[in-house]
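Chains, contacts and geometry: an overview
Chain by chain, the residues run as shown.
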Amino acid sequence: MDLARFWNFSAGPSMLPDPVLNQISIDILDWNSTGISVADINHRSKHFEIIYNEAESYLRSLLELSSDYCILFMQGGGQGANAIVPMNMIGRNRANKADFIISGYWSSKSYLEACRYGDVSVIADNSYITKIDDHDYDPYTWFPANESIKTRYGSSYLQFCSNETINGVEFVDWSGIANNINSDAVLVVDASSNLLTRKLDINCTGVVFACAQKNAGISGVTIFIVRKDLIGKALHICPSIFDYMNIFNEHSRYNTPPVFAIYVTGLVLKWLKMNGGIKRMEYSNLEKSQLLYNFIDSTSFYINKIHSSVRSRVNIPFFLSNNLLTDIFIEKAENLGLMNIRGHRSLGGLRASIYNAMPIDGVMALINYMRDFECYYG
Ligand code: PMP
């Protein structure tokens, strides 16, 4: 069925692909001709076994995960992960230490949460103005150089955010960092907003996590990809439900998992697989983001200050040079069906989140609107 939909530029929950919505509309009444709604399916049933196995195996194959890694479906969202990670990881080495790179809003939040569990330190950050190629770059618009990133002796892990959803800073040279750090530390990556949007080097990490509501379904489930040898080291204060060991042993069914959310994740992953997988998404996300950045850069009416080497392909914050026009811009955009374009409350301005499910037509519609708006108000 063709769906009449607005273009949803929300940072999450964000657009789901049309075929996924169509499938949900069938399965919500009768899943797989069983006479049972997918919303009623019991997590210990053979039906859920099918749903779960499908989601897991699509994810494994899309990410080309080696058998060294397991996939855990957990709850608590990205922010829950900020506590789950230290509780499971900081005690690996006796010193109870972890290191962080701060690159924007989400990594700062992760760091603050981790501080509750041990000796946690910021070893590199971009929270100040820096000069690159004779230009001054504002805080949170660039990423620290790999050479400056060294972990402390005895640190259990180094955590960073590979795509700052709010600030629009994306960092993907994971192995560059992995090669640089102390061998007793592993990498932990918050890939909430760019997992599945491009090829990422998961094999050089210890843990990667992502809340699902951006590129992998709806809110309610968080994906953890964990190197198996790191499991079983949780602090004694870690609630059983957040201990990787329990979730691993019980195949993400230690308690009632978010059945519906895992089902939607499975549908999204299947859609990804049927539509060319990560390679195709990477190509399309590059194309969409280049169109938008090229347009923004072609005029002084719109501004994006992120250093070109770390501009996010999926979250593009921008400002109007005349900030007073921001509310009018948003109102008129909504009248045309361009929704959720307001920047995060911490940053202001505007933001276009153009994840996997946003078609190029949506990006073109936005650019055409931006051009018209500038003609009128510029
Ligand atoms: N990390 C990143 C990079 C995010 O974008 C978000 C959510 N926007 C979070 C963590 C927090 O996720 P949640 O709202 O699911 O707790």
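Looking at an unreviewed UniProt entry, one finds the protein named Phosphoserine aminotransferase and attributed to Candidatus Kinetoplastidibacterium stringomonadis TCC290E. Looking at the protein in UniProt, the text filed under Function (unreviewed entry) is "Catalyzes the reversible conversion of 3-phosphohydroxypyruvate to phosphoserine and of 3-hydroxy-2-oxo-4-phosphonooxybutanoate to phosphohydroxythreonine." You can read under Subcellular location (unreviewed entry) in the UniProt record for the protein the words "Cytoplasm".

Turning to the overall build of the protein, a few remarks are in order. Secondary structure assignment for the protein yields 10 helices and 16 strands. Radius of gyration (C-alpha) of the protein: 21 Å, near the 21 Å computed for a compact globule of 378 residues. With the C-alpha coordinates of the protein rotated into their principal frame, the extents come out at 60 × 60 × 30 Å. Looking at the protein residue by residue over its 378 residues, the buried ones come to 54%. A separation of at least 24 residues holds for 69% of the contacts in the protein among residues at least 6 apart in sequence. In the form shown here, the protein has an accessible surface area of approximately 16,200 Å², with 50% of it arising from carbon and sulfur atoms. Taken as two groups, the 32 positive and 37 negative side-chain charges of the protein have centres that lie 4 Å from each other.

Let us now look at the pattern of salt bridges. This structure, assessed with the given rule, holds 13 salt bridges. As a salt-bridge pair, Asp 136 and Lys 131 come within 3.1 Å of each other at their nearest N and O atoms. The same class applies to Asp 136 as to Lys 131, namely exposed. Put simply, Asp 99, Asp 119 and Arg 152 are held in one network by salt bridges that share partners.

Once that is clear, we can look at the sheet that holds strand 3 (residues 97–102). Spatial strand order, 2-12-11-10-7-3-4: seven strands in an open sheet with mixed pairing. Strands with a single pairing partner mark the edges of an open sheet, and in this sheet they are strand 2 (69–74) and strand 4 (119–125). If you compare each strand with its neighbour and ignore which way they point, the axes differ by 20° on average. Sheet topology note: the strand 11 (residues 207–211)/strand 12 (residues 222–227) ladder contains five bridges and is antiparallel. For Phe 209, the partnering residue across the bridge sits in strand 12 and is Phe 224. The strands touched by helix 2 (residues 46–63) are strand 2 and strand 12; relative to strand 2, the strand with the most contacts, the crossing angle is about 130°.

Looking now at the nonpolar core. Counting residues in each nonpolar core, the largest one holds 58 residues, and the members touching the most others are Leu 63, Trp 174, Ile 177, Leu 195, Leu 196, Ile 202 and Ile 225. Shared between two domains, this core takes at least three residues from each, and those domains are domain 1 (31–274) and domain 2 (277–377). Look past the residues within four positions of Ile 177 in its chain and what remains in contact with it is Ile 101, Phe 143, Asn 146, Ile 149, Leu 158, Phe 160, Phe 171 and Leu 187.

Examined against the element boundaries, Ala 55 turns out to sit in helix 2. Accessibility expressed as a relative area gives 0% for Ala 55, which makes it buried. On a C-alpha basis, the gap between Ala 55 and Leu 235 in space is 29 Å, while along the polypeptide they are 180 residues apart. Filtering out sequence-adjacent residues up to four positions away, Ala 55 remains in contact with Phe 73, Ile 262, Gly 266 and Leu 269.

Each domain of the protein was delimited in the assignment, giving domain 1 (31–274) and domain 2 (277–377). Taken together, the 29 residues of domain 1 in the interface contact 23 residues of domain 2. Summed over both sides, the interface of domain 1 with domain 2 buries roughly 2,200 Å², with 57% coming from carbon and sulfur. Considering only the surface of domain 1 that becomes buried against domain 2, Ile 166, Glu 170 and Arg 198 emerge as the three largest contributors, covering 23% of it. For the salt bridge of Lys 305 with Asp 138, the shortest nitrogen-to-oxygen distance reads 3.1 Å. Among the secondary structure elements, those contributing two or more residues to the side of domain 1 that touches domain 2 are helix 2, strand 9 (169–170) and helix 7 (259–274). The element best represented in the side of domain 1 that touches domain 2 is helix 7, accounting for three residues. Among the residues forming the side of domain 1 that touches domain 2, the class breakdown is 13 nonpolar, nine polar and seven charged.

Definitions and limits used
- Residues numbered from 1 in each chain as written.
- Predicted model: local features only at pLDDT ≥ 70, side-chain atom pairs only at ≥ 80, totals over all residues.
- Heavy atoms only, no water.
- UniProt positions renumbered as here; feature names shortened; annotations may be inferred.
- Helix = DSSP H or I, 4+ residues; strand = E, 2+ residues; numbered from the N terminus.
- Rg over C-alpha atoms; globule rule 2.2 N^0.38 Å.
- Buried < 20%, exposed > 50% of the residue type's maximum accessible area, 1.4 Å probe, protein only.
- Contact = heavy atoms within 4.5 Å.
- Areas by Shrake-Rupley, 256 points an atom, 1.4 Å probe, with all protein chains shown as cover.
- Lys, Arg positive; Asp, Glu negative; His and termini not counted.
- Charge placed at Lys NZ, Arg CZ, Asp CG, Glu CD.
- Salt bridge = Lys/Arg side-chain N within 4 Å of Asp/Glu carboxyl O.
- Pairing = 2+ DSSP bridges.
- Axes fitted to C-alpha atoms, helices over the stretch in contact; angles between N-to-C directions.
- Core = buried A, V, L, I, M, F, W, Y, C linked by side-chain atoms within 4.5 Å.
- Domains from an automatic or database assignment.
- Buried area = accessible area lost by both parts, 1.4 Å probe.
- Nonpolar A, V, L, I, M, F, W, Y, C, P; charged D, E, K, R; others polar.

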